[in-house]
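# Report on the structure
Each chain, written out:
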Amino acid sequence: MSDEHLIERPLRPAQVWQGRFLDVRCDVARLPDGSEATREYIVHPGAVMVVPITDDGRLVMERQCRYPLQTVLLEFPAGKIDPGEPRWRCAQRELLEETGYRAREWACAALMHNAPAYSNELIEIWFARGLEPGQQQLDHGEFLDVCLVDEAELDRLAARGELTDAKSLIGLLWLQKWRAGLWELQWQSAQDLASDRSSGA
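Let us look at the structure shown here. Every value quoted in this text rests on a predicted model; they were computed, and no experiment measured them.

Moving on to the pairing of strand E6 (residues 59-66). The pairing of E6 with strand E11 (residues 145-149) spans five bridges and is classified as antiparallel. Paired with Val 60 across the two strands is Leu 148, which belongs to E11. Bridging between E6 and strand E7 (residues 71-75) involves five bridges; their strand directions are antiparallel. Each bridged residue has a counterpart across the sheet, and for Glu 62 the counterpart in E7 is Glu 75. The antiparallel pairing of E6 with E7 creates a hairpin that spans four residues between the two strands, and Gln 70 there sits at a positive phi of about 55°.

This part takes up the layout of surface pockets. Roughly 1,400 Å³ of internal volume is contained in the largest pocket. If you trace the largest pocket, you find 38 residues lining it, with Phe 21, His 44, Gln 64, Arg 66 and Glu 75 closest to the centre. Residue assignment for the lining of the largest pocket shows that the elements contributing at least two residues are strand E5 (47-53), E6, E7, strand E8 (78-80), helix H1 (87-99) and helix H3 (166-179). No other element matches the four residues that H1 contributes to the lining of the largest pocket. Classifying every residue of the lining of the largest pocket by side-chain character gives 16 nonpolar, eight polar and 14 charged. The space that makes up the second largest pocket amounts to roughly 190 Å³. The wall of the second largest pocket is formed by Asp 27, Arg 39, Glu 40, Tyr 41, Pro 116, Ala 117, Tyr 118, Ser 119 and Asn 120. With three residues, the single largest contributor to the lining of the second largest pocket is strand E4 (residues 36-43). Its residues assigned to classes, the lining of the second largest pocket comprises four nonpolar, two polar and three charged.

Definitions and cut-offs
- Residues numbered from 1 in each chain as written.
- Predicted model: local features only at pLDDT ≥ 70, side-chain atom pairs only at ≥ 80, totals over all residues.
- Heavy atoms only, no water.
- Pairing = 2+ DSSP bridges.
- Helix = DSSP H or I, 4+ residues; strand = E, 2+ residues; numbered from the N terminus.
- 1 Å grid on protein atoms, 1.4 Å probe; cavity = no way out; pocket = protein on both sides within 12 Å on 5 of 7 lines; lining within 4 Å.
- Points joined across faces, edges and corners; volume = space filled by probe spheres on them.
- Nonpolar A, V, L, I, M, F, W, Y, C, P; charged D, E, K, R; others polar.

Written out as structure tokens, the structure is:
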């Protein structure tokens, strides 16, 4: 089935503000019925999220303040992709920087659109296991606590509405489906992952 009858096409794109990594647009778009409307949205460089699993099955998570909400959230490690950086390398970098852990095995789970009504942000979800602890390498101005959480406790937090970060909820869903044998993950060693991605495989 064609989606052509739903497509909105840009007529007069306009950038209204450029920040350190966010790019705010206000376009005039042609709607499917031929009329025009404005569409305000944020262009984002993309991000990754990592679901790190310890050898005893617990999850490495972090608590950090999210300024727009003025509250501390529990989340899986995540971060934006640097210009020209492969997503798998960003996943490894963010895990190391934010938690101090390195992982021997990696698996790419899925892509998700975090807020498609007002941003083109795309988040790639990765799983990591065979974790080796080390020192955090936080960016300047970055403050967070690393914690280990049981899947059952994380599920209870979600059920009570206390786990509100959307990407972390999707990470939990993927974890539960994979552990139940319903969704598959293709695991690779960190070395093989780097070799395969570098060769374009």
